[in-house]
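This is what each chain is made of:
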Amino acid sequence: MKNEGLEMMKIAVFASGNGSNFEAIQQAIIEERLDAEIAMLVSDQPDCYAIERAKNHHIEIFSFFAKDYPAKEVYELEITRLLKEKNIELIVLAGYMRIIGPVLMSHFENRIINIHPSLLPAFPGLHAIDQAYQYGVKVFGVTIHYVDTGIDTGKIIAQDCFHVNEGETIEEVETRIHQLEHQLYPETIQKIINTTLCKKK
Ligand code: GRF
């Protein structure tokens, strides 16, 4: 659904690794399933593949080494300045491996979302797919939530799930989780945009 005549919502994607969710979001934009523009990719891993993907799409990149800054507040202030300059309205965390600190949190209150590969509140934190697989769960899923000061504790926006098949390997489960993420993240961002536009009217 296109918002004819309205400016695209500018979003920033934060990633530290492969960037397949970044790619899925950008693909949804190209295919006009998502009325947004990724105005910046932020990464704390200057060599990660997400950066290559952003370059391929000519998307502006801010990458940094946290150790080059005296404190989290300092690099978050720098990021905040860049995002404000670009009128970013929504921060989309997609495999960003740092905890968001008070600086970004206060400047983008209720405007930071994250995707997590489990049905929260089960299996928060690192290695969620592995944790769930080892536990023997029969239903796997993904959660999109607002970011608060806890680890994967913010208000849930969307979830989706599937039943694991008998004998399915962890690699197969992982592939299905990522497929689900790539579908659900762009759809959910579009819903957030629609709600925000309604509020602006
Ligand atoms: C995804 O599984 C996401 O749920 C988690 O980190 C992973 C990022 O994957 N937060 P990618 O970098 O988008 O491929």
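Residues numbered from 1 in each chain as written. Predicted model: local features only at pLDDT ≥ 70, side-chain atom pairs only at ≥ 80, totals over all residues. Heavy atoms only, no water.

### As for the side chain of Ser16
In this fold, Ser16 is placed in the loop between β1 (9–14) and α1 (20–30). Overall, Ser16 belongs to the buried group, its relative accessible area being 11%. Here Met97 takes part through its backbone nitrogen, which lies 2.8 Å from a polar atom of the side chain of Ser16. Those residues in contact with Ser16, other than ones at most four positions away along the chain, are Ser43, Asp44, Gln45, Cys48, Gly95, Tyr96 and Met97. (Helix = DSSP H or I, 4+ residues; strand = E, 2+ residues; numbered from the N terminus. Buried < 20%, exposed > 50% of the residue type's maximum accessible area, 1.4 Å probe, protein only. Polar contact = N/O pair within 3.5 Å; in protein donor to acceptor, adjacent residues only side chain to side chain. Contact = heavy atoms within 4.5 Å.)

### Focus: the sheet that holds strand β4 (residues 90–93)
The mixed open sheet is built from seven strands, whose spatial order is β3-β2-β1-β4-β5-β6-β7. Where the open sheet ends on each side, the last strands, each with one partner, are β3 (61–63) and β7 (156–163). Taking the axes of each pair of neighbouring strands and ignoring which way they run, one obtains an average angle of 20° across the sheet. The sheet contact formed by β1 and strand β2 (residues 36–43) spans six bridges and is parallel. (Pairing = 2+ DSSP bridges. Axes fitted to C-alpha atoms, helices over the stretch in contact; angles between N-to-C directions.)

### Quick notes on the packing of aromatic side chains
Counting across every chain of the model gives seven aromatic pairs. Taking the centre distance of 5.6 Å and the plane angle of 15° together, the rings of Phe62 and Phe64 count as stacked. Since its relative accessible area comes to 13%, Phe62 is described here as buried. Taking 6.2 Å as the distance between ring centres and 85° as the angle between the ring planes, the aromatic pair formed by Phe64 and Tyr69 counts as edge-to-face. The exposure class assigned to Phe64 is buried, which follows from its relative accessible area of 3%. Owing to a relative accessible area of 23%, Tyr69 belongs among the partly exposed residues under this scheme. Grouped by ring-pair contacts, the aromatic residues Phe62, Phe64, Tyr69 and Tyr75 constitute a single cluster. For Lys67, the ring lying beneath its charged end belongs to Phe65, and the centroid distance is 4.7 Å. Taking the ring centre of Phe108 as reference, the NZ or CZ of Lys84 above it sits at 4.7 Å. (Phe/Tyr/Trp six-rings, centres within 6.5 Å; stacked < 30°, edge-to-face > 60°. Lys NZ or Arg CZ within 6 Å of the ring centre and 35° of its normal.)

### Some points on the site of the ligand
Neighbouring the ligand are the residues Asn18, Gly19, Ser20, Asn21, Gly95, Ile115, His116, Pro117, His178 and Glu181. In this structure, Ile115 approaches the ligand through a main-chain N or O atom, which is 2.9 Å from a nitrogen atom. The site holding the ligand turns out to be the largest pocket. Elements that contribute at least two residues to the shell around the ligand include exactly α1, β5 (112–116) and α6 (170–200). Grouping the amino acids of the shell around the ligand by side-chain chemistry returns two nonpolar, seven polar and one charged. (Near = heavy atom within 4 Å. 1 Å grid on protein atoms, 1.4 Å probe; cavity = no way out; pocket = protein on both sides within 12 Å on 5 of 7 lines; lining within 4 Å. Sits in = over half its atoms within 2 Å of the grid points. Nonpolar A, V, L, I, M, F, W, Y, C, P; charged D, E, K, R; others polar.)

### Let's talk about the layout of surface pockets
Empty space within the largest pocket amounts to approximately 1000 Å³. Listed by contribution, the elements that provide at least two residues to the lining of the largest pocket are α1, β5, α5 (128–135), β6 (139–146) and α6. Among the elements that line the lining of the largest pocket, the one with the most residues is α6, at four residues. Grouping the constituent residues of the lining of the largest pocket by class yields 17 nonpolar, 17 polar and six charged. (Points joined across faces, edges and corners; volume = space filled by probe spheres on them.)

### A closer look at the nonpolar core
Counting 42 residues, the largest nonpolar core has Ile11, Ile25, Val92, Tyr185 and Ile189 as its most contacted members. In terms of residue count, the dominant contributor to this core is α6 (10 residues). If you look at the next biggest cluster of nonpolar residues, it comprises 22 residues, including Ala39, Tyr96, Ile100 and Phe108. (Core = buried A, V, L, I, M, F, W, Y, C linked by side-chain atoms within 4.5 Å.)

### Let's talk about the packing of α1 against helix α2 (residues 49–56)
Contact geometry of α1 with α2 gives a least axis separation of 9 Å together with a crossing angle of 20°. As the angle between them shows, α1 and α2 are arranged roughly parallel. Relative to α2, α1 is oriented so that their crossing is right-handed. Across the interface between the two elements, Ser20, Phe22 and Glu23 of α1 pack against Ala50, Arg53 and Ala54 of α2. Considering only residue class, the contact of α1 with α2 consists of three nonpolar, one polar and two charged. (Parallel < 35°, antiparallel > 145°, perpendicular 65-115°, else oblique. Left-handed = near helix turned anticlockwise from the far one by under 90°.)

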